[in-house]
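Observations on the three-dimensional arrangement
One-letter residues, chain by chain:
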Number of protein chains: 2
Amino acid sequence: MAGRKVLIVYAHQEPKSLNGSLKRIAVEELSEQGCSVTVSDLYAMQFEPRATRNDIVGCLHNSEEFNYGVEAWEAYKRGGLSNDVIEEQKKVQEADLLIFQFPLYWFSMPAIMKGWMDRVLVQGFAHDFPRCYDSGLLKNKLALFSFTTGGSEEMYAKGSISGDIRYLLWPMQHGIMHFCGVKVLAPHICFAPEYVSEERRKEMLIAWAQRLKTLWKEEPINCSPEWYFNYRPRTASTSLNTVLGSNCI
Amino acid sequence: MAGRKVLIVYAHQEPKSLNGSLKRIAVEELSEQGCSVTVSDLYAMQFEPRATRNDIVGCLHNSEEFNYGVEAWEAYKRGGLSNDVIEEQKKVQEADLLIFQFPLYWFSMPAIMKGWMDRVLVQGFAHDFPRCYDSGLLKNKLALFSFTTGGSEEMYAKGSISGDIRYLLWPMQHGIMHFCGVKVLAPHICFAPEYVSEERRKEMLIAWAQRLKTLWKEEPINCSPEWYFNYRPRTASTSLNTVLGSNCI
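Residues numbered from 1 in each chain as written. Chains lettered and ligands numbered in written order. Predicted model: local features only at pLDDT ≥ 70, side-chain atom pairs only at ≥ 80, totals over all residues. Heavy atoms only, no water.

1. A look at unusual backbone geometry
Residues and elements named next belong to chain A. The omega torsion of the bond from phenylalanine 129 to proline 130 falls at 5°, within 30 degrees of zero and hence cis. With respect to the helices and strands, the residue proline 130 is situated in the loop between α4 (111-120) and β4 (142-148). Of note in this structure, glutamine 46 is not a glycine but carries a positive phi near 50°. With respect to the element layout, glutamine 46 can be found in the loop between β2 (36-41) and α2 (68-77). (Helix = DSSP H or I, 4+ residues; strand = E, 2+ residues; numbered from the N terminus.)

Here is the structure:
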């Protein structure tokens, strides 16, 4: 797998956090494999999450009524997006694999990472209707959502109060990545690291390193409603490991 | 309904947009009813979406390893959150109804609004395990998600490529609002306003004004997995109007 390019989009404020360790392990393991790894450390970069007029350099396409989607699309075509967005687009363009590493905030990614999606994946670059979903402009790339949760695995089981963890993956994996044509690998989820032992946290890191060793052999999930909502029911006592993929913790 | 308090959290860059008009209509109609209406115009406020150390005034609870959730919780208890967060919490505390008005970005809310959720709804203020879901700290309040989409109603029908629109409501309505104890009214969705006639857009505004006239008589939805994933299947040709509530466009 030498020569493959990986972009890790990372959103945690604290390098000593489990997210920080998971990111570091990915850099080390993938580099060891000969991959070229780039990290966008969003908090360290003070990445701007707000989609505003500032993203458009020069004159607007329609200065009477500001439409962000249209303006970003037009600016992309003439090379007039702000530099920070262009930099991220270059990284995405070069990458074979995108890894998103973050703590789950409110059943989703932190705002700073959502802003990365909002501002970087503009029309013309990542999609251009009808070039979306399997025809999306970022096809031939892979994505993997790797995140930690506050709630336990039991809270995110089907029939539990927070619902199956797969429900909340739909907007991120299907609505964003699949929409852009990116194929999605099984998510990597560390449940409630704040409430487990130091030993268990170490096991979580080891499991991630182990998974990365054979990551390039994995098949993408079938990113359709069935995967998210219609697979066989299970109870809180059934381990997610068997459901989210054998390498998944 | 005179005397009721409403907070509109609004995220659009352009006052002349349909979102801007929907917000204005809500202010006018609810004010006419005698409600007290407050608007948090996030872009105009340049609201900060990033959850960082800057949100904590003074010393950290644990300066060795920054944990945003813990620090925000501790800061809340001692009145040490940053002023912009405290201001928003006051507005939420006083409100009987929260209306979120935004354009759908990537199957979710824009990052600037996600940041409002991330930073304002901190532990101790909005939830405090096990005080969550029906026991959440914001119970006795109502919320309503009012948004515009890029895709058409047909694209968001069950069985269509983008999946049922209800799928993407799960993280926002259940994962955020219900988690905090807030009861959720049926969403108000304007599909693809950019691709319909000026007349149809006017009808959308009229429908919203009409719905607002009887809003206080509405019953909240049953915010459980059944509402989102298990209700009767329908095809793209079935109107969403009948499914999302008779007042919903």
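2. Topic: the relation of the copies chain B and chain A
Least-squares fitting of chain B to chain A yields an RMSD of 0.0 Å, with the transformation described by 0.0 Å of translation along the axis and a rotation of 180°. As the rotation angle and translation indicate, the two copies are arranged about a two-fold axis. When C-alpha distances to the rotation axis are compared across chain B, the minimum falls at B:Ala111, with a value of 2.5 Å. A share of 100% of interface residues in chain B that are also interface residues in chain A marks the association as one of identical surfaces. (Least-squares fit on C-alpha atoms with pLDDT ≥ 70 in both. Contact = heavy atoms within 4.5 Å.)

3. Section: the packing of aromatic side chains
Within this structure, the stated rule accounts for 37 aromatic pairs over all chains. Geometrically, the ring pair formed by A:Tyr133 and A:Phe179 is edge-to-face, given 5.0 Å between the ring centres and 75° between the ring planes. Taken together, the residues A:Tyr133 in the loop between α4 and β4 and A:Phe179 in the loop between α5 (165-177) and β5 (183-184) connect sequence positions 46 residues apart. One exposure class covers both A:Tyr133 and A:Phe179, and it is buried. On the numbers, 5.7 Å between centres and 80° between planes, the contact of A:Phe179 with B:Trp106 is edge-to-face. Residue A:Phe179 is found in the loop between α5 and β5, and its partner B:Trp106 is found in the loop between β3 (97-103) and α4 (111-120); the two belong to separate chains. Across this residue pair, the class does not change: A:Phe179 and B:Trp106 are buried. (Phe/Tyr/Trp six-rings, centres within 6.5 Å; stacked < 30°, edge-to-face > 60°. Buried < 20%, exposed > 50% of the residue type's maximum accessible area, 1.4 Å probe, protein only.)

4. Points about the pattern of salt bridges
All chains considered together, the criterion is met by 22 salt bridges over all chains. For the salt bridge of A:Lys90 with A:Glu87, the shortest nitrogen-to-oxygen distance reads 3.6 Å. Placement of the pair is A:Lys90 and A:Glu87 together in helix α3 (residues 83-94), with a separation of three residues, close to one helical turn. A:Glu87 gets classed as partly exposed once you look at its relative accessible area, which sits at 41%. B:Arg50 is the salt-bridge partner of B:Glu48, the closest N and O atoms lying 2.7 Å from each other. Classification of B:Glu48 as partly exposed rests on a relative accessible area of 23%. Through salt bridges with shared partners, one network takes in A:Asp55, A:Asp84 and A:Arg119. (Salt bridge = Lys/Arg side-chain N within 4 Å of Asp/Glu carboxyl O.)

5. A word on the UniProt feature "domain: Flavodoxin-like fold" (unreviewed entry) in chain A
UniProt's feature table lists "domain: Flavodoxin-like fold" (unreviewed entry) at residues 5-212 of chain A, given in the numbering used throughout. For residues 5-212 of chain A, helix accounts for 36% and strand for 15%, while the C-alpha atoms at its two ends are 14 Å apart. (UniProt positions renumbered as here; feature names shortened; annotations may be inferred.)

6. Section: the interface of chain B and chain A
With 51 residues of chain B in contact, the opposing surface of chain A contributes 51 residues. Each partner contributes to the roughly 4,200 Å² buried at the junction of chain B and chain A, and carbon and sulfur atoms together form 64% of this total. For chain B, the biggest contributors to the area lost against chain A are B:Arg50, B:Trp106 and B:Phe107; these three give 20% of the whole. Seen at the junction of chain B and chain A, the total is zero salt bridges. On inspection of chain B and its partner chain A, the count reaches 24 residue pairs in polar contact (both at pLDDT 80 or more). Taken together, the elements giving at least two residues each to the side of chain B that touches chain A come down to α2 (68-77), α4, α5 (165-177) and α7 (225-230) of chain B. With seven residues, the top contributor of residues to the side of chain B that touches chain A is α5(B). (Buried area = accessible area lost by both parts, 1.4 Å probe. Polar contact = N/O pair within 3.5 Å; in protein donor to acceptor, adjacent residues only side chain to side chain.)

7. Let's talk about the packing of helix α1 (residues 18-32) of chain A against helix α6 (residues 198-213) of chain A
Residue and element names in this part refer to chain A. Between α1 and α6, the shortest axis-to-axis distance is 10 Å and the interhelical angle comes to 30°. Considered as vectors, α1 and α6 are oriented roughly parallel to each other. For α1 against α6, the interelement crossing comes out right-handed. Of the residues in α6, those touching α1 at Leu18, Ser21, Leu22, Ile25, Ala26, Glu29 and Leu30 are Arg201, Met204, Leu205, Trp208, Ala209, Leu212 and Lys213. (Axes fitted to C-alpha atoms, helices over the stretch in contact; angles between N-to-C directions. Parallel < 35°, antiparallel > 145°, perpendicular 65-115°, else oblique. Left-handed = near helix turned anticlockwise from the far one by under 90°.)

8. A look at the pairing of strand β4 (residues 142-148) of chain B
All names here are of chain B. With respect to burial, β4 is a largely interior element, seven of its seven residues being buried. Side chains Leu142, Leu144, Ser146 and Thr148 project from β4 onto one buried face, and the interleaved Ala143, Phe145 and Phe147 project onto a second face that is buried too. Pairing analysis gives seven bridges linking β3 to β4, with the strands arranged parallel. Note on β4: the bridge partner recorded for proline 103 is threonine 148. Handedness of the crossover joining β3 and β4 through α4: right-handed. (Pairing = 2+ DSSP bridges. Right-handed = clockwise from strand over helix to strand, strands pointing away.)

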